[in-house]
Amino acid sequence: MNQQSHLLSVITFLPLLGVPALLVLRSEDHTWIRRIALAVSLAEFVISLWLLPGFSRVNPSYQFPEIYSWIAGANIRYHLGVDGISLFLVLLTTFLTPLAILCSWQSIRENVKGFFIALLIIETAMIGVFVSLDLFLFFVFWELTLIPMYFLIGIWGHDRRIYAAVKFILYTMFGSILMLVAILWLYNLTGSFDLLEIQARLNVTTLPAATELLLFGAFFLAFAIKVPLFPLHTWLPDAHTEAPTAGSVILAGVMLKLGTYGMLRFCLPLFPDAAHKMAPYIGMLAIIGIVYGALVATVQHDLKRLVAYTSVSHLGFVVLGLFAFSTVSIQGAIYQMLNHGVSTGALFLGVGMLYDRRHTHEIKEFGGLTTPMPVLMSFFLFICLSSLALPLLNGFVGEFLILIGVFEHHAAWASWAASGAVLSAIYLLWAYQRVALGEVTEEKNRTLPDASTRERVILVTVAGVILFMGVASPLFTRRMEASTNNVLRQMDRVRDASRPTLVPPAGTQNIPSSSPHAEGSLANTTLKRARP
Amino acid sequence: MQIPAEQITNIKRIAPEIALCFFGVLIMVVDSLLSATRKRSLIWLGLIGMLVALGCVEIAGSDPGPAYSDLIRMDAFSVFVHIIVIGAAALVILGSVQYLEHEGIQRAEYYALVLFAAAGMGILAGASELVTAFVGLEMSSISSYVLAGFRKRAAQSNEASLKYFILGSFATAFFLYGIAMTYGATGTTRIDLVRTTLQGLAHPPALAILGLGLIFVGLGFKVVAAPFQIYAPDVYEGAPTPVTALLASGPKAATFALMLRIFYVSFGSAHGTWFWAVWASAVLTMCIGNFAALAQTNVKRMLAYSSIAHAGYILVAFAASTAVGVAAVLFYLAVYVLMKVGAFLVLAHLGQTGEKRLEIQDYAGLGNKQPVLAACFSLFLLSLLGLPATGGFLGKFFAFQAALDSRIVWLVVIAAVNSVVGAYYYLRVIVAMYFWEPSKEYTPTRVAPTLTVALVIAAVGTLYLGVLPARVLALAKTAADSLFTSAR
């Protein structure tokens, strides 16, 4: 039991333990650096699987909790826990990281040590985001994901890497700094950084409508930039195109989910009124994102950029599912987060394998690749099919659940969104046709080697998971159900208007009790005057 | 002969300043006995002086109270600021040995002046009477005027010294006028008596407000708050880099401490009057600092503008006008001193002889050539930027929290957006260090052990305050409380 209770801490910080191990190795010892990084990430995956047997699917609250006081003076705690929403996202992270390490086996040749250290730090930070239940802790991890990714893009990226890295980090920081202000404001209103306490407090009181809208807006902006929701998506194609393969896999596979996860975890349950008020607009942006992302993807001549735009489209589905507020659509959205992580991660892995061979992403440089590389291209087709939501494969389940859920309340939304599903078939199959089918157009492509053993391991693993998630979806959705309903229940408080309005505690609350009168007048003036 | 117990207490409470001055004088005496090649060993004397002073602070802190009929006080607040300023001076001394050697200006006066400056700052931290504060201000300022011109063969350094001296004299004159006006309005120069007098009146008299305005000009100059920041970039850029580290940290911390005492205690009842001045100054300071820093290509100048921006963030906490705000200011100062001194000391090393290599392209590929130093520099820059898990983040965090606590929402939003603007120029240096191709002609120089120690202390301190701030935060809160209890 004792071991159980620290499981989340172990999972969160295990990758970080690999960092000193890598640091002591010589920088030239590439083989061992890779092996140790892989070993750490595999161990991490195996340990994270231990979450499954201990996880109760009927329990809607957070499991494996850990609470310690961290910064006592500021009421900040180290509070971890997982529920049905975050459980699989943690697993997704631990599943994709070894693949990202494997795919960089050969392609990263410079500063190998730094590269794998950055990957391991990102893994810790991302898991930290998913499991922290203290807003301060959440924010710390949230910001910590940025710096290693910034280095991944900036050091090991392609030609325009510096532009892409700076754009990526400034965009995201702008969003998150306003979220920080919102977190502080929320603390000011509720006296806690702890998500559960804030939730409990908000359940019995109402926020003034304007305050709630502003807080919702600050949180939502940070998440929408991360997702990215149209029209905040412009950093994404650049970041994806310029990042090394592993960077793209992590970025698309997990990091974009931090945004949708944040919406589900914070925006919906904490500010349901505002969420309901803004849902029509957000739904509209999501639909625009779905269609726009798909259309732009269709006309790309750069394969990696094409895949990047598919993310805009697919995550539009996720946001749409979340803001339809039904159990089915939210479950579909969570499922689609996982699918997108696996499928788009896999697409980037495939694109990366092509890049390793030809050092280009231009579609017209390829053509007829099935002739020299039948195995690789068959798997690539399989992954494309999963991404375009072929029945029996994972993507279908997610999109289907979302569309059903959305259709219940907003038939028009559903029909617009469905067009995105059609478009995804167009751009993916067309791209596949141009890359893989027909005659070999470039002489250089004739002699390309087929998938190596390492690549086959990657591809078979991914394909296996895609198929498994396609046929065994109840194994996942059952575990999500209780938590999803919990979120919706928390949102229901919106209809109960009898609760008292949350009055922010007076600004004097923190004046030391030892000298109330010495400070009282000063603080009171503050309250009257300081309202710019 | 019997020394009255009261005198012993008095002496005990200014013992840190006595120790600093004593060792300063001692250094100058010993200097005449040393041959030119042995001068560098004077640093040990300086460091011992600092340690003794810190010991005195510790002893005096255990028995807080006023000294010399309340001209100066040793309370928790004063202790906290003492530790910050003496610590900053000690780090600067540790980090300057190699620099002075390279520049050929290894002289005893340097160490003595740093000690005198530290003594002046100590007086500022403890002053509970305005004329005493003036003495402290002059003592630290005059030492720093000389220090700014210490590279006497470099035109830039001379320019910095002269500029700092002339404008600084104006500022202190303003401060003195302010004291005179305050005296005229209230009939006293003691900080707590000014408070009692003003509290007795329904409205603060115009003369007192004028006095406060003049004091704000004088002290605003020293903390580099806009619109009195004009001199700072030139002075900071021209002064020898370790001196810049001192100028940007110590006097700023000490002067903020004095500002807290004067604004919060003396003029606490006139809060409504000064609140908007501080608010506007904070906005101006942050915006000017950050946006001007964006345009810089010289890293030293960029860091100079960044210290203007940081004065703005501190003013945000200052505007909170509560004990929480005081604690936030103090915590911010502790972090700020560590990261800023650290960053400037790295620059002092990287600049190499004659401070030739301060342009951003000079640092291209530094991450490959000197990975540890580059990592250290990145840490300071990321902390200045406000990345979580570094002290800089918590400094901003508590500052914003304190301001929000007092419902100063828009100022916090402006500060938050500003800190993203800041991200751009800090990251640019990191971009150069890690993402650019290494420049060919650069040959790294060895980092002296003393500098290593200074950088390690600064880096560990920055991380410590970022991850485990509870202890220092508690101290800052006690210090903040003592500021108000002393007012009664």
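Only a predicted model underlies this, so the values are computations on that prediction, with no experimental measurement involved.

## A short note on the overall build of chain A
Here is step 1 of the chain: A count of helices and strands for chain A gives 22 helices and 2 strands.
Here is step 2 of the chain: Its C-alpha atoms give chain A principal-axis dimensions of about 85 × 60 × 45 Å.
Here is step 3 of the chain: In chain A, which comprises 532 residues, the share counted as buried stands at 59%.
Here is step 4 of the chain: Excluding contacts between residues fewer than 6 apart, the proportion of contacts in chain A whose partners are at least 24 apart in sequence is 80%.

## Examining the overall build of chain B
Here is step 1 of the chain: In terms of helices and strands, chain B carries 20 helices and 2 strands.
Here is step 2 of the chain: Relative to the globule expectation of 23 Å for 488 residues, the C-alpha radius of gyration of chain B, 21 Å, shows essentially globular dimensions.
Here is step 3 of the chain: Counting only C-alpha atoms and orienting by the principal axes, one finds that chain B spans roughly 70 × 60 × 40 Å.
Here is step 4 of the chain: Taken over 488 residues, chain B has a buried fraction of 65%.
Here is step 5 of the chain: Partitioning the contacts of chain B with sequence separation of at least 6, the portion at a separation of at least 24 is 80%.

## Things to note about the packing of helix H6 (residues 112-131) of chain A against helix H8 (residues 146-156) of chain A
All names here are of chain A.
Here is step 1 of the chain: The contact between H6 and H8 brings their axes to 9 Å, and the two run at 150 degrees. What the angle tells us is that H6 and H8 run roughly antiparallel. The two elements H6 and H8 cross, and the hand of that crossing is left-handed. Taken together, the residues of H8 that come into contact with H6 (itself represented by Phe115, Ala118, Ile121 and Ile122) are Pro148, Met149, Phe151, Leu152 and Trp156.
Here is step 2 of the chain: Its residues placed into classes, the contact of H6 with H8 shows 9 nonpolar, no polar and no charged.

## A short note on the environment of Ala279(A)
Residues and elements named next belong to chain A.
Here is step 1 of the chain: Considering the arrangement of structural elements, one finds Ala279 in helix H14 (residues 272-298).
Here is step 2 of the chain: Taking the C-beta count within 10 Å as the criterion, Ala279 has 19 such neighbours and is therefore assigned partly exposed.
Here is step 3 of the chain: Between the C-alpha atoms of Ala279 and Phe325, which are 46 residues apart in sequence, the distance is 9.1 Å.

## Examining helix H4 (residues 76-103) of chain B
Residues and elements named next belong to chain B.
Here is step 1 of the chain: Under the 1.5 Å per step criterion, the end-to-end length of H4 is 40 Å for 28 residues, consistent within 8% with the ideal 40 Å.
Here is step 2 of the chain: Along H4, the sharpest change in direction is near 45 degrees and occurs at Ser96.
Here is step 3 of the chain: Along H4, 26 of the 28 residues are buried, which leaves the element largely enclosed by surrounding structure.

## Some remarks on the nonpolar core
Here is step 1 of the chain: Ranked by size, the top nonpolar core spans 410 residues in total, and within it Ala89(B), Val316(B), Ala319(B) and Ala403(B) carry the most contacts.
Here is step 2 of the chain: Setting aside its immediate chain neighbours within four residues, Ala319(B) contacts Phe275(B), Val278(B), Trp279(B), Ala282(B), Ala403(B), Ile408(B) and Leu411(B).

## Here we look at helix H16 (residues 371-385) of chain B
Residue and element names in this part refer to chain B.
Here is step 1 of the chain: Helix length check: H16 (15 residues) gives 20 Å between terminal C-alpha atoms against 21 Å at 1.5 Å per residue, within 8%.
Here is step 2 of the chain: With respect to burial, H16 is a largely interior element, 12 of its 15 residues being buried.
Here is step 3 of the chain: Those residues of H16 lying buried are Leu373, Ala374, Cys376, Phe377, Ser378, Leu379, Phe380, Leu381, Leu382, Ser383, Leu384 and Leu385.
Here is step 4 of the chain: Downstream of H16 by a residue or two, Gly386 has a phi angle that is positive, lying close to 100 degrees.

## Here's the deal with the pairing of strand S1 (residues 63-71) of chain A
Here is step 1 of the chain: Relative to strand S2 (residues 76-82) of chain A, S1(A) runs antiparallel, the two sharing 6 bridges. The residue of S2(A) that forms the bridge with Ile71(A) is Ile76(A).

## Focus on the confidence of the model for chain A
Residues and elements named next belong to chain A.
Here is step 1 of the chain: On average, residues of chain A carry a pLDDT of 83, and 92% of them reach 70 or more.
Here is step 2 of the chain: Per-element averaging of pLDDT across chain A places helix H22 (residues 516-529) at the bottom with 37 and helix H7 (residues 135-144) at the top with 91.
Here is step 3 of the chain: Here residues 506-532 scores under 50 on pLDDT; set against residues more than four positions off or in separate chains, the count is 57 contacts.

## Side note on unusual backbone geometry
Here is step 1 of the chain: For the peptide bond that leads from Phe230(A) to Pro231(A), omega is 0 degrees, which places it in the cis range.
Here is step 2 of the chain: In this structure, Pro231(A) sits in the loop between helix H11 (209-226) and helix H12 (235-242).
Here is step 3 of the chain: A positive phi is found at Tyr68(B), a non-glycine position, where the angle reads about 50 degrees.
Here is step 4 of the chain: The phi dihedral of Arg407(B) is positive, around 60 degrees, even though this residue is not glycine.
Here is step 5 of the chain: By the element assignment, Arg407(B) lies in the loop between helix H17 (391-405) and helix H18 (409-435).

## What about the environment of Ala43(A)?
Here is step 1 of the chain: Within the element layout of this structure, Ala43(A) appears in helix H3 (residues 30-49).
Here is step 2 of the chain: Taking C-alpha positions, Ala43(A) is 8.7 Å from Leu14(A), a pair spaced 29 residues apart along the chain.

## Brief notes about the packing of helix H5 (residues 84-103) of chain A against helix H20 (residues 453-471) of chain A
Residue and element names in this part refer to chain A.
Here is step 1 of the chain: For the pair H5 and H20, interaxial distance at closest approach is 10 Å and the crossing angle is 155 degrees. Classified by the interaxial angle, the pair formed by H5 and H20 is roughly antiparallel. In terms of crossing hand, the pair formed by H5 and H20 is left-handed. Contacts from Leu99, Leu102 and Cys103 in H5 reach Arg454, Val457, Ile458 and Thr461 in H20.
Here is step 2 of the chain: Tallied by class, the residues present in the contact of H5 with H20 amount to 5 nonpolar, 1 polar and 1 charged.

What counts as what
- Residues numbered from 1 in each chain as written.
- Chains lettered and ligands numbered in written order.
- Predicted model: local features only at pLDDT ≥ 70, side-chain atom pairs only at ≥ 80, totals over all residues.
- Helix = DSSP H or I, 4+ residues; strand = E, 2+ residues; numbered from the N terminus.
- Buried ≥ 20, exposed ≤ 12 C-beta atoms within 10 Å, placed from the backbone.
- Contact = placed C-beta atoms within 7 Å.
- Rg over C-alpha atoms; globule rule 2.2 N^0.38 Å.
- Axes fitted to C-alpha atoms, helices over the stretch in contact; angles between N-to-C directions.
- Parallel < 35°, antiparallel > 145°, perpendicular 65-115°, else oblique.
- Left-handed = near helix turned anticlockwise from the far one by under 90°.
- Nonpolar A, V, L, I, M, F, W, Y, C, P; charged D, E, K, R; others polar.
- Expected span 1.5 Å × (residues − 1).
- Bend = angle between axes of the 7 residues up to and from the residue.
- Core = buried A, V, L, I, M, F, W, Y, C linked by C-beta atoms within 7 Å.
- Pairing = 2+ DSSP bridges.
- pLDDT = per-residue confidence, 0-100.

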